[in-house]
Amino acid sequence: SGPFHLDTRSLSITAALNPTTHTPLPFSLSSAPPDPIKGARLTVELDGNDSVLVGFVTAKEASAIQWLEREQTAKGSAGFVYTQCHAIHCRSIFPCQDTPAARVRYDARVNVPKQVAVVMSARRVGRRDPVAGEATYACDDSLWCAENRVVEEFVMEQPIPPYLFAFAVGDIGYREVGPRTRVYAESVPSLLDAAAKEFEGTEDMIRQGEALFGPYDWERFDLLVLPPSFPYGGMENPRMVFLTPTVIKGDASGAQVVAHELAHSWTGNLITNKTNEHFWLNEGFTTYAERRIVEAVQGEDIAALNVGIGWRGLVADVERFKDNLEFTKLRNKQDGVDPDDVYSHVPYEKGFQFLWRIERQIRRPAFDEFLKKYIATFKFQSMDTETFLSFLKINVPGIEKEIDLELWTEGTGIPPDALEPVSDIYSVIVSLATRFKDGTIPSEDDIAHWRGQEWELYLENLPKSVEASQILALDARYHLAESKDYEVKVAFLQLAILARCRNFYGEVEKTLKEVGRMRYLRILYTALARGPEEEKMLAERVFSEARRLYHPIARGVVESILTKHL
């Protein structure tokens, strides 16, 4: 009984009803104008009811949803729609308590044309004909039961935070790659085959994850490769991970993104940060878990490269926030802040460094036992920093005397006992990068065994102030601007922009118009927008022409960059 509050943004609320009798219940929206970040609060007076039916209409411009015309898809046979609810965008799809502190179960009926398929972050029940009257207050029977329409049914029986609600609809096919995994993508045979090849080792990673962290509790671990506009590298939706096509690199290294999303099955999906101020509890743990899985499956050298790349990202983002050090803390205050605007490497890499510091202190076997106990104790619960630290101190007595826990979680910047990775291959690559300033380019022998990760680490460690002639010489030898690995290509193009090497601006424009991954957009648009007038004008023009490609979340991030620097 009493008032029941739900978050909404850009929704039209049409009714609030007793779900059994359909008796109207009083409801109201918080006064206009709606908060630009949080939207509007929907309040329903329950009047003694323990459930409520809410009628609503989702706006086409909802921030969680991207609609693609058939011309924007790989096959061109049908339109495509997909969702991205992290961090607080679920409220733009339906009314909900849009916080990771509130877990939900759900079932769904999705009405679509017969020629397309639906996937969801839930167990698929089946496909059937529509039934008149089952969509009351959602849409008219004339539309619901129209010719050539079908209903796909799904159910999520385990409690999940709202940001893990996800679906996609389009001309979607799949390949089997393991007993628990299908790879889905647009039904283009070459794309499906490439994705299946890239992720063929997924079952090995699942088994390693289970050995490290306990049983896999989600039954299926399916993957969906989305169109290029998807704004993230991956999204850990349970049972149906979403991936950018840029992770398909042809050498299985893209599977490391899958390792990260898999690790979320334990740290993030099973145990979730209570609010975004404790986001490191999701991403720091998951980055640690990902690297343990990669180490077990692909070896210590590859894991060390990952740590090195992450270290450079952490250093860069601490510099990015030098004028607002609050966002270099693991636990930070986000009142009035859009989480998308402060998304960075900090919760991932500083969180990883904190856990790695604990592992070094108590040794890996003891830390492994601690992690298993932590996951088993708090599974399907939300977690905050205080509760984690209390659990740590109870289970590792005296740890606060060995490690300054407050400095790590409440302090700014990088703590002095953080550790830049040390390995032979890491040291060699960093040394080669240091010598570039003097005009030394790696030889064919130096890079004979390099894959994308080695090049990424090399480029990330190059000085940001080099001559355009050096950039031209490096590309003349190794053709990095044309790399099929976007991590390598974007890192190189960033250097080209900083060097004002305008020979590559055509490739910069092409890249910004063919992919919508926010990591790449943020790097390239920021480099352009901080430049002189010609670069600023290029950023404005390209965005005006490419913005339709981008997901609404990515579009907002680019708009913020241009507003800040232009």
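What comes next is a walk through the structure.

**Side note on the pattern of salt bridges**
Counted according to the given criterion, the structure contains 42 salt bridges. The partner of Lys-322 in a salt bridge is Glu-319, with the nearest N and O atoms 3.0 Å apart. Accessibility expressed as a relative area gives 45% for Glu-319, which makes it partly exposed. The salt bridge involving Arg-364 is made with Glu-359; its shortest N-O contact spans 3.4 Å. According to the relative accessible area criterion, Arg-364 is partly exposed, its value standing at 27%. The class for Glu-359 is buried, based on a relative accessible area of 8%.

**Here's the deal with the environment of Tyr-184**
Looking at the secondary structure, you find Tyr-184 in strand β14 (residues 181–186). On the basis of relative accessible area, Tyr-184 is assigned to the buried category, the value being 12%. Distance from Tyr-184 to Gly-398, taken between C-alpha atoms, is 48 Å for residues 214 residues apart in sequence. Apart from residues lying up to four places away in sequence, Tyr-184 is in contact with Val-119, Ile-172, Gly-173, Tyr-174, Leu-192, Asp-222, Leu-223, Leu-224, Val-225 and Met-240. Reaching out from Tyr-184, the side chain makes a polar contact with the side chain of Arg-182 at a distance of 3.3 Å.

**What to know about the side chain of Thr-385**
Along the chain, the position of Thr-385 falls in helix α9 (residues 385–395). Ignoring anything within four residues of it in the chain, the contact list for Thr-385 reads His-278, Trp-280, Leu-281, Arg-331 and Thr-409.

**Observations regarding helix α8 (residues 364–378)**
In an α-helix, one turn spans 3.6 residues; hence positions three or four apart end up facing the same way. Relative to the 21 Å expected for 15 residues at 1.5 Å per residue, α8 spans 21 Å between its end C-alpha atoms, a close match to the ideal helical length. Here α8 has its buried residues at Phe-367, Asp-368, Phe-370, Leu-371, Tyr-374, Ile-375 and Phe-378. The arc enclosing the buried residues of α8, seen along the axis, measures out at 160°, which places them on a common side. What points out from α8, more than 90 degrees from its buried face, is the exposed set Pro-365, Glu-369 and Ala-376. Looking at the buried positions of α8, the neighbouring elements they touch are α3 (202–213), β18 (271–273), α5 (280–298), α7 (346–362), β19 (381–383) and α9. Phe-380 lies just past α8 and shows a positive phi near 60°.

**Description of the nonpolar core**
By size, the foremost hydrophobic cluster in this structure holds 164 residues, and its most contacted members are Phe-199, Phe-388, Tyr-458 and Tyr-525. In this structure Phe-199 touches Val-177, Val-183, Leu-223, Val-225, Leu-243, Val-247, Ile-248, Gly-254, Ala-255 and Val-258, once residues within four positions along its chain are discounted. Membership of the second largest hydrophobic core comes to nine residues, among which are Leu-6, Leu-25, Leu-42 and Val-44.

**Notes on the packing of aromatic side chains**
Throughout the structure, instances matching the rule amount to 41 aromatic pairs. Note on Tyr-82 and Phe-230: the rings are 5.9 Å apart at their centroids and 65° apart in plane angle, and the pair reads as edge-to-face. Of this pair, Tyr-82 sits in strand β7 (residues 80–83) while Phe-230 sits in the loop between β15 (222–225) and β16 (234–235), and the two are 148 residues apart along the sequence. Both residues of the pair, Tyr-82 and Phe-230, count as buried. Measuring from centroid to centroid gives 6.0 Å for Tyr-486 and Tyr-520, while their planes differ by 20°, and the two rings are stacked.

**Thoughts on the pairing of strand β9 (residues 117–120)**
Burial of the side chains of β9 extends over both faces: Ala-117 and Val-119 are buried on one face and Val-118 and Met-120 on the other. Judged from the four bridges that link them, β9 and strand β12 (residues 167–170) form a sheet pairing that is antiparallel. Its bridge partner being in β12, Val-118 is matched across the sheet by Val-169.

**Description of the packing of helix α16 (residues 505–514) against helix α17 (residues 518–529)**
The geometry of a pair of packed helices is captured by two quantities: the angle between their axes and the separation between those axes. Contact geometry for α16 and α17: axes closest at 10 Å, N-to-C directions at 140°. Considering the angle they form, α16 stands oblique to α17. Seen along the crossing, α16 lies across α17 with a hand that is left-handed. Counted together, Val-508, Thr-511 and Leu-512 of α16 and Leu-521, Leu-524, Tyr-525 and Leu-528 of α17 form the full contact between these two elements. Class assignment for the residues of the contact of α16 with α17 results in six nonpolar, one polar and no charged.

**Remarks on the pairing of strand β4 (residues 40–45)**
Pairing geometry for strand β1 (residues 3–8) and β4, over six bridges, is antiparallel. Bridged to Thr-8 within β4 is Ala-40. Pairing of strand β3 (residues 27–29) with β4 involves three bridges; the strand directions are antiparallel. Looking across to β4, one finds that Ser-28 is bridged to Thr-43.

Conventions adopted
- Residues numbered from 1 in each chain as written.
- Predicted model: local features only at pLDDT ≥ 70, side-chain atom pairs only at ≥ 80, totals over all residues.
- Heavy atoms only, no water.
- Salt bridge = Lys/Arg side-chain N within 4 Å of Asp/Glu carboxyl O.
- Buried < 20%, exposed > 50% of the residue type's maximum accessible area, 1.4 Å probe, protein only.
- Helix = DSSP H or I, 4+ residues; strand = E, 2+ residues; numbered from the N terminus.
- Contact = heavy atoms within 4.5 Å.
- Polar contact = N/O pair within 3.5 Å; in protein donor to acceptor, adjacent residues only side chain to side chain.
- Expected span 1.5 Å × (residues − 1).
- Arc of directions from axis to C-beta.
- Core = buried A, V, L, I, M, F, W, Y, C linked by side-chain atoms within 4.5 Å.
- Phe/Tyr/Trp six-rings, centres within 6.5 Å; stacked < 30°, edge-to-face > 60°.
- Pairing = 2+ DSSP bridges.
- Axes fitted to C-alpha atoms, helices over the stretch in contact; angles between N-to-C directions.
- Parallel < 35°, antiparallel > 145°, perpendicular 65-115°, else oblique.
- Left-handed = near helix turned anticlockwise from the far one by under 90°.
- Nonpolar A, V, L, I, M, F, W, Y, C, P; charged D, E, K, R; others polar.

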